[in-house]
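Here is what each chain is made of, one letter per residue.
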Amino acid sequence: MAQLILKPGKERSVMRRHPWIFAGSVATLTGRARGGDTVDVVSERGVVLGRAAFSPASQIRARMWSFDAETPIDHAFFKRTVAAAVARRTAHPMLAGQDGMRLIHGESDGLPGVIADRYRDTIVLQLTSAGADRWRDAIVAGLLQATGCANIYERSDSEVRTLEGLEPTVGVLAGREPDPDLAIEEHGVLLGVDAVSGHKTGFYLDQRENRRLTRDLARDRSVLNCFCYTGGFSLQALAGGAREVLSIDSSAHALASAQRNVERNPQLDAARATWWEADVFAALRELRTEGRRFDLIVLDPPKFAPSAAHAQRASRAYKDINLLGFRLLNPGGILMSYSCSGGIGQELFQTILSGAASDAGRDAQIIHRLSAAPDHPIGLAFPEGEYLKGLVCQVV
Ligand code: SAH
């Protein structure tokens, strides 16, 4: 097997079980390896630290499969590792009874570049690293065996694949095409999952608990949901007894799916909901000009900063929408604000919100910190994986 020899001192992060080896940490490769091949990772002193998938096109030159020198990386390895991840989800008490959940969460489950989301009888798989791409068949076999699901659909069309030198790949891997009417139940509300053409794997499972909090806070409040996508937060607000819910998104396709979600839930009072196709940055200014005010505002924007390099520009965008959000709140009003930017940490996010509140002239308190759902675990040695953060702030 080829050996990836690290520069002096660069074994330390591997020994702390950080799964990424950056190009700058590599002294040399001995032997031959192509993208996706398994290599031994070796310290400068010759100690084998474990095994990794080699990725010559990427700045992340290798991703660890195992922190053990002896473990064979073969079909049995993937079967075992997939089964262990699925078993952890199945045993989690907060996930009991859910028909939608993330089964495999990449690095945190020891499977870098592998995301598998289950929606009822369908699994949507996303492979984003050269190693994951190489072991597709073994991962699919492991999922079929561990879950009993018959249908697996691949949605490996994420931009990040280009960094690994991989082409976008989508299509049926097992069973049949996803049902266009596929829907999961979330806290008593039916929400559609567009596995074929929705974002990512079709749905934002990581916001499950946070949508529940929106429902719990919504009673008799006027709610504004910005970047509403298919209306998850909006429908939960209706279910919680909101007086009115205004939802904004720039995508007509997303809003059409939101309409479909409204139809799926005849128990909700659709007359209290208004849907507005608009750019949130402009819409918030328009609402301010009109003198509109709300009691609960949700801001769940797309990723403004995919990496630390974009943090500065992204900070300005977060500041802008949160400043406008604070201004639009009635006294006692609540802002639920999120960031899924890998480049913006929890501390920076709080600093941005604090600046936004003070520029808006509002006194605010943090009444809750929000995090990803329990099926989105975060590897301890891998803070970069912590991409969803959120704060709930109440103004005086
Ligand atoms: N809150 C949603 C997920 C939001 S995804 C949920 O819980 O399911 C981000 C959404 O922001 C997408 O639907 C995208 O269409 C929308 N979007 C991106 N930029 C926008 C902009 N400038 N104005 C309005 N919507 C935007």
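1. What about the pairing of strand β9 (residues 122–127)?
The side chains of a regular strand alternate between the sheet's two faces.
Phase 1: Burial of β9 is extensive: 6 of the 6 residues sit out of reach of the surface.
Phase 2: Here β9 shows a buried face lined by Thr122, Val124 and Gln126 and a second buried face lined by Ile123, Leu125 and Leu127.
Phase 3: Where strand β8 (residues 114–119) lies against β9, 6 bridges are found, and the strand directions are antiparallel. Within β9, the position partnered with arginine 118 by the bridge is isoleucine 123.

2. A few points about the nonpolar core
Phase 1: Ranked by internal contacts, the top residues of the largest apolar core, which has 36 residues, are Leu224, Cys226, Ile248, Leu284, Ile297, Phe326 and Ile344.
Phase 2: Sequence-distant contacts of phenylalanine 326, defined by excluding residues within four places in its chain, comprise Leu335, Leu353, Ala356, Ala357, Ala360, Arg362, Ala364, Cys393 and Val395.

3. Some thoughts on the packing of helix α5 (residues 208–217) against helix α6 (residues 232–239)
Phase 1: Packing of α5 against α6 leaves a shortest axis separation of 7 Å and a crossing angle of 35°. In terms of crossing hand, the pair formed by α5 and α6 is right-handed. Residues Asn210, Arg211, Thr214 and Arg215 of α5 form the contact with α6, whose own contacting residues are Gly232, Phe233, Gln236, Ala237 and Ala239.

4. Quick look at the pattern of salt bridges
It is possible for side chains bearing opposite charge to pair when their charged atoms get close.
Phase 1: Under the criterion given, the structure shown has 23 salt bridges.
Phase 2: Between arginine 176 and aspartate 121 there is a salt bridge, with its nearest N and O atoms 3.4 Å apart. A residue pair is termed long-range when its members are at least 10 positions apart, and arginine 176 in the loop between β11 (169–174) and β12 (183–186) and aspartate 121 in the loop between β8 and β9 qualify at 55 residues.
Phase 3: Judged by relative accessible area, aspartate 121 falls into the partly exposed class, the value being 33%.

5. Comments concerning the sheet that holds β8
Phase 1: Read from one edge of the open sheet, 5 strands run β7-β8-β9-β10-β11, paired in mixed fashion. Lying at the two open borders of the sheet, with one neighbouring strand each, are β7 (100–105) and β11. The sheet shows a mean angle of 20° between the axes of neighbouring strands, direction not considered.
Phase 2: Where β9 lies against strand β10 (residues 151–156), 4 bridges are found, and the strand directions are parallel. Along β10, the bridge assignment pairs leucine 125 with glutamate 154.

What counts as what
- Think of each chain on its own: its residues are numbered from 1, step by step along the sequence as written.
- Only residues with pLDDT of 70 or above have their local features reported here, since the model is predicted, and side-chain atom pairs are shown and tallied only from 80 upward, although totals for entire chains, interfaces and linings are computed over all residues.
- Note that water and hydrogens are dropped before the side-chain values are worked out from all heavy atoms of the structure.
- Each residue is assigned to one of three classes by its accessible area relative to the maximum for its type, calculated with a 1.4 Å probe on protein chains only: buried under 20%, partly exposed between the two thresholds, exposed over 50%.
- Under the DSSP-based scheme used, a helix requires at least four consecutive residues in state H or I and a strand at least two consecutive residues in state E, with every element numbered from the N terminus.
- Each pair of strands is called paired provided DSSP finds at least two bridges between the two strands.
- Here, nonpolar core means buried Ala, Val, Leu, Ile, Met, Phe, Trp, Tyr and Cys residues that are tied together by side-chain atoms lying within 4.5 Å of each other.
- Note on contacts: a residue pair qualifies if any of its non-hydrogen atoms lie within 4.5 Å across the two residues.
- Note on geometry: axes are lines fitted to C-alpha atoms, helical ones only across the stretch in contact, with angles between N-to-C directions running from 0 to 180 degrees.
- Should the near helix be turned anticlockwise from the far one by less than a right angle, the crossing is termed left-handed; should it be turned clockwise, right-handed.
- By definition here, a salt bridge exists when the distance from a side-chain nitrogen of Lys or Arg to a carboxyl oxygen of Asp or Glu is within 4 Å.

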